[in-house]
Amino acid sequence: MAQSIEARNISFQYDTAAGPVLAVKEASFSVAPAEFLCVLGPSGCGKTTILNMLAGFLTPTGGEILMDGNPVTAREHNRGVVFQDFAQLFPWRTARQNVEFGLEMRGVSREARRETARQFLKLVKLEKFADAYPHQLSGGMQQRIAIARALAYNPGVLLMDEPFAALDAMTRDEMQKQLTEVWQETRKTIVYITHNVAEAVYLADQILVMAPHPGTIRARIPLALPRPRDPLSANFVEMQRQVLANLTH
Amino acid sequence: MTSAFLSRSFWRGIAGLLLLALLWELFARSGLFTQALTPPITRIANTVWRTVLDGSILENAAYTLTRVLAGLLLACLVGLPIGILMGRFRAVERFFLPLVSVLMPIPSLAWVPLFILWFGIGEVTTLLVVGYAATFPVIYNSWTGVRAVNPLWVRSALAMGAGQRQLFRSVVLPGASPYVFTGIRLAFGRGWIAVIGGEMLANPAAGLGRAIFDAREYLDSEVMLASIFAIGVVGIAFERLVFQSIESRTVARWGMVAAAGARR
Ligand SMILES: Nc1ncnc2c1ncn2[C@@H]1O[C@H](COP(=O)(O)OP(=O)(O)OP(=O)(O)O)[C@@H](O)[C@H]1O
Ligand SMILES: [Mg+2]
């Protein structure tokens with residue numbers, strides 16, 4: 001189920017009224033099946049652009065992306081995407097109906113859809129809000145629904161763009177823990193974007209550290225810390241220091 | 001939407017109407033015009049009551065409302081596909097936009113003499129007058145609505161495996177619905193205005209516009225005012241009963257527009 005990802009020298013240039021903006025320059029990396037990759041970097045360094053290329057929403061202006069050896073297209077079914085923005089949920093659907101969307105597109109029966117939706121709403125601790133519309137939920141709750149939605153149709157690759165950035169620290173810790181568990185259980189390939197060093201060290205098998213203007217990959221750091229990880233352990237703190245050094249040097 | 005709020009806004013509305021009635025009454029009794037031309041409220045109310053009892057005002061209102069709804073249906077049949085396709089496809093937009101921009105500002109009543117030449121006096125011309133007035137808000141708003149669909153919704157749906165048809169049905173249409181709905185609502189208002197003129201100029205059969213026009217021959221200002229009153233009442237009743245209840249059940253419930261009065 002899990003797929004491998006390989007990016008070969010990908011670049012992306014936005015054409016704006018003020019002229020071309022090179023958002024990503026010649027980035028190369030690879031993600032093994034069921035690997036957890038974190039892309040770490042300051043605001044504006046091209047993280048979202050990379051994610052959009054992986055998702056097939058943007059076509060690289062240079063280089064190529066292969067998933068399991070095949071070029072990425074815009075109509076790829078085997079990936080789940082969670083965006084940075086709260087507004088990604090369909091406002092005309094309840095939380096449950098949002099989570100069911102991907103299953104509905106695949107023609108899964110109503111009962112099976114319900115059961116799966118219930119299970120994933122429970123996973124993000126929102127089963128009580130199954131019948132609420134998105135506008136009745138807080139930003140963090142909407143984001144959790146979006147995660148449940150991306151997981152529910154069981155894609156091989158999960159692409160997440162700072163999904164927990166807007167959550168309070170306690171909920172975020174809890175969500176990170178749950179995400180790790182879900183990942184270990186479902187063995188998906190995950191590309192996870194963040195600007196938070198501790199988050200990256202907690203989650204990742206591999207961290208790509210990016211630098212802005214133009215967005216380039218500055219370092220590729222493998223992490224061998226055993227799981228579950230303890231953010232207070234000496235190893236964890238040392239790893240954080242090492243990543244931070246790469247980010248700021 | 002507490003009932004306390006409802007009743008407060010309700011009474012404010014009533015107060016506004018009472019003020020208007022008072023001003024009319026002062027004007028009517030001021031002696032500026034003879035009361036045959038400016039009848040006081042009581043006489044208008046009497047006429048309303050009499051025409052309700054003999055059924056004539058209801059019949060006229062039913063004719064007028066039916067014509068508006070038929071015109072609105074025509075406007076939707078023509079306007080929704082054009083507007084939605086304009087929003088979806090550049091080529092369609094390029095083709096229709098100049099056409100729409102040129103035709104939209106022309107008042108539908110300006111067409112009445114031509115329509116009469118082509119289709120004669122009667123229902124066809126009336127329908128076209130209403131349809132013309134109502135089509136452009138539908139086109140314009142559905143076009144805007146489709147373009148206003150959040151790209152994140154489209155991307156999410158594509159990532160979840162939606163095909164083009166599913167994307168259209170499950171994302172574009174509901175995503176555009178607040179605008180489309182507003183368009184239909186505006187179209188009803190436009191059509192309601194146009195139908196009166198259409199009836200006066202081009203429809204010898206019943207209708208509130210016709211009633212006003214015919215009453216002119218007998219200098220019957222009471223029937224005129226009673227009919228004008230009916231035009232207002234039926235218009236607002238339809239707006240309240242139909243459009244507001246659709247709105248509160250759909251786009252307002254989804255948080256895509258604020259419910260009427262919710263901002264206070
Ligand atoms: N639609 C766009 N049009 C033009 N330029 C863009 C567009 N989107 C992004 N950019 C530019 O590309 C660069 C990278 O943007 P991107 O959104 O990928 O950054 P990011 O790393 O995700 O930042 P953040 O952490 O703030 O979300 C930025 O300099 C931005 O100005
Ligand atoms: Mg971003």
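Figured I'd write up the structure that's included with this text. (Residues numbered from 1 in each chain as written. Chains lettered and ligands numbered in written order. Predicted model: local features only at pLDDT ≥ 70, side-chain atom pairs only at ≥ 80, totals over all residues. Heavy atoms only, no water.)

A short note on helix α2 (residues 95-105) of chain A
Applied cut-off: The buried label goes to any residue with under 20% of its type's maximum accessible area, the exposed label to any with over 50%, and the partly exposed label to all in between, with areas taken from a 1.4 Å probe on protein chains only. Strands are runs of DSSP state E lasting at least 2 residues, helices are runs of H or I lasting at least 4, and numbering of each runs from the N terminus. The contact criterion used is simple: two residues touch if any of their non-hydrogen atoms lie within 4.5 Å.
Among the 11 residues in α2 of chain A, nine count as buried, and that is most of the element. What α2 of chain A keeps buried is the set A95, R96, N98, V99, E100, F101, G102, L103 and M105 of chain A. Its buried side turned inward, α2 of chain A meets α3 (110-123) and α4 (139-152) of chain A together with α7 (151-159) and α8 (164-202) of chain B. Looking one or two residues past α2 of chain A, G107 of chain A carries a phi angle of roughly 75°, positive in sign.

With respect to the pattern of salt bridges
Residues and elements named next belong to chain A. This is how the line gets drawn: By convention in these notes, a salt bridge is any Lys or Arg side-chain nitrogen within 4 Å of a carboxyl oxygen on Asp or Glu.
All chains considered together, the criterion is met by 18 salt bridges over all chains. Between E100 and R96 there is a salt bridge whose closest N-O contact spans 3.1 Å. Pair noted here: E100 and R96 are both in helix α2, with a separation of four residues, about one helical turn. The burial state of E100 is the same as that of R96; both residues are buried. Between E174 and K125 there is a salt bridge, with its nearest N and O atoms 3.4 Å apart. Of the two residues, E174 is situated in helix α5 (residues 169-186) and K125 in the loop between α3 and α4; the sequence distance between them amounts to 49 residues. The partly exposed category is assigned to K125, whose relative accessible area is 49%. Residues joined in a network through salt bridges with shared partners are R96, E100, R113 and D131.

Observations regarding the coordination of the magnesium ion (ligand 2)
Residue and element names in this part refer to chain A. We apply this condition: Coordinating donors are taken as N, O and S atoms within 2.8 Å of the metal, stretched to 3.2 Å for Na, K and Ca; because water is absent from the atoms, sites can appear incomplete.
Here the magnesium ion (ligand 2) is held by the protein donor atoms T48 (OG1) and Q84 (OE1), which lie 1.9 to 2.5 Å from it. Here T48 is found in helix α1 (residues 47-55), whereas its partner Q84 is found in the loop between β6 (79-82) and α2, with 36 residues between them in sequence. The exposure class assigned to T48 is partly exposed, which follows from its relative accessible area of 30%. Its relative accessible area of 40% is what places Q84 among the partly exposed residues.

A look at the interface of chain B and chain A
In plain terms, the rule: The term buried area refers to how much accessible surface (probe radius 1.4 Å) is lost by two components on association, counted for both of them together. In the analysis that follows, any N or O atom pair within 3.5 Å is treated as a polar contact, provided that within protein one partner can donate a hydrogen and the other can accept it, and provided that, for residues neighboring in sequence, both atoms belong to side chains.
Contact with chain B, which involves 22 residues of that partner, is made by 25 residues of chain A. In total, about 2200 Å² of surface goes out of reach between chain B and chain A, with carbon and sulfur atoms giving 65% of it. Counting the contacts that link chain B with chain A gives zero salt bridges. For the pair chain B and chain A, the interface holds 10 residue pairs in polar contact (both at pLDDT 80 or more). Among the elements of the structure, α7 and α8 of chain B are those that each provide at least two residues to the side of chain B that touches chain A.

Without other data, these values stay purely geometric and don't point to any function.
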